[in-house]
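Chain by chain, the residues:
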Amino acid sequence: MSLQLGSQRYLFEIPDDIAYFNLASQAPQLRAVRAAGEDALAARAAPWHIGAQDWFDGVEQLRALFAEVIAGDPNGVALIPATSYGLAVAAQNTTARPGGRVLLIADEYPSTVYTWRAFASRHDAEIVTVVHEDGESWTDAVLGALDEQVQVVSLPNVRWTDGALIDLERVGARAREVGAMFAVDLTQSLGAMPFDVTAVRPDFLVATGYKWLLGPFSLTYLWVAPQHRSGTPLEHNWINRADSQDFAGLTDYRDDFQPGARRFDVGQRTNFTLTPMAIAALTQILDWEVPRVAETLQTATDRIEQWAREHGLQPLAARDRGPHMLEVGIPAEAMARVPQRLAENNVFVGVRGTTGLRISPHLYTTDDDLQRLFDALIGALEA
Ligand SMILES: Cc1ncc(COP(=O)(O)O)c(C=O)c1O
């Protein structure tokens, strides 16, 4: 039975003449997310109606929704501002022996690379950057480098540059075998691809909210495995300490924390404006059901892949990539004009240096959008 969803464009604020294929950069806004934000701003104008429990209720609802997205437990979820923050928590709660290896993949997102470079220099460890041979999968390339010398593995589910897929379940199993800490960045996949944290079993999981999770900027999720939940937070704040609900007792300073991963929440995580927006976003995603989102986006990216192949371009093949985005290689001489020509036609894609386009549709993508993309590409390639 097909799980395809019909067009959901009416739920977004996208003018008819815009073809937006750059969700991997930033999601367009759901109407429901904007409405939640506007209601939240109005509520903030009357703080006398905000009660003590309001500092806690929204974030607990958000933790539960995110837990549902990853098939995990709400107790393991911390609310943070950026993936760099979550990776810093992972690095702070991990050690390595001198000469120990930190495994990353080539062209990894800078927030990941800089975090582990700083970690490696603190611990006198070594960064190993995995590259893959032609015809070899990224998963095999990673597994080939994942030996007993590796102490940290930090990977995405799909590469941010091209959508290439990594089998995190297999890598996770091998990381446990060699005793390496396993951190995953699901920023470019969660919400668009099913994920089960109990199958992958990472030590730390981060995913920012403003891309495939369709939420506001500056709200990111961290899930922490049970064995790390007694770890050290990056910074110390009042609300993640035990009994912070008791506003009258806040100066009875406490050494113990709120339960689970709440100790890793960033200061001011209550975020009266952003939290309701994120709740609206995750509610919509769960309502669609992630497997249905994935199947629908697979159809769109397959059509783009097929069109690109028929026109002599080099798309990443479906078996090597996530369902929701792909890189299409463009001849270097055409790349000088392609992005501008697409933009002139109101077609927006990600530009990958001088070699290709990163194309990321969503449930608002229509047949008209696809045709507009193809027409604009033909125009630019032939010019
Ligand atoms: C894979 C990946 N991780 C993380 C981020 C965002 O990083 P940060 O939250 O540190 O700004 C992006 C943004 O493009 C990304 O593609």
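These notes cover the structure that comes with them. Predicted, not measured: the structure shown is a model, and the values here were computed from it.

Considerations on the site of the ligand
At step 1: In the region of the ligand, the neighbouring residues are Ala82, Thr83, Ser84, Tyr109, Ser111, Trp160, Asp185, Thr187, Gln188, Tyr210 and Lys211.
At step 2: Asp185 places a side-chain nitrogen or oxygen 2.6 Å from a nitrogen atom of the ligand.
At step 3: With respect to the ligand, the side chain of Gln188 contributes an N or O atom lying 3.0 Å from an oxygen atom.
At step 4: For the ligand, the protein covers 88% of the area, taking 390 Å² as the surface of the free molecule.

Section: the packing of aromatic side chains
At step 1: Tallied over the full model, the rule gives eleven aromatic pairs.
At step 2: Centre to centre, the rings of Trp238 and Phe247 are 5.7 Å apart; their planes meet at 85°, and the pair counts as edge-to-face.
At step 3: In this structure Phe247 comes out as partly exposed when scored by relative accessible area, which is 34%.
At step 4: A ring pair is formed by Trp307 and Phe374, whose centres lie 4.7 Å apart and whose planes are at 5°; its orientation type is stacked.

Some points on the pairing of strand S12 (residues 356–359)
At step 1: Judged by which residues are buried, S12 turns out to be covered on both faces: Gly356 and Arg358 on one side and Leu357 and Ile359 on the other are all buried.
At step 2: As defined by bridge partners, strand S10 (residues 326–329) adjoins S12 across four bridges and the pair is classed as antiparallel. Within the sheet, the bridge partner assigned to Val328 lies in S12 and is Leu357.
At step 3: Here strand S11 (residues 347–352) hands over to S12 after three residues, with Gly353 in that stretch at a positive phi of 55°.

Conventions we followed
- Throughout, a residue's number is its position along its own chain's written sequence, starting from 1.
- Per-residue local features of the predicted model are confined to residues with pLDDT of at least 70, and side-chain atom pairs are confined, for both listing and counting, to 80 or more; whole-chain, interface and lining totals are unaffected and use all residues.
- Only hydrogens and water are set aside when side-chain values are computed; all heavy atoms of the structure are taken into account.
- Residues are classed as near a molecule or strand on a simple rule: at least one heavy atom within 4 Å of it.
- Nitrogen and oxygen atoms within 3.5 Å of one another constitute a polar contact, given that in protein one can donate a hydrogen and the other can accept it, and given that sequence-neighbouring residues count only through two side-chain atoms.
- Note on areas: Shrake-Rupley, 1.4 Å probe, and residue coverage restricted to the protein chains presented here.
- The aromatic pairing rule takes the rings of Phe, Tyr and Trp, using the six-membered ring of Trp, and pairs them if the centres are within 6.5 Å, calling planes under 30 degrees apart stacked, those over 60 edge-to-face and the rest tilted.
- For every residue, the accessible area (1.4 Å probe, protein chains only) is compared with the maximum for its type, and the residue is labelled buried under 20%, exposed over 50%, or partly exposed between those bounds.
- Numbering of helices and strands starts at the N terminus; helices are DSSP runs of H or I of at least 4 residues and strands are runs of E of at least 2.
- Any two strands between which DSSP finds at least two bridges are classified as paired.

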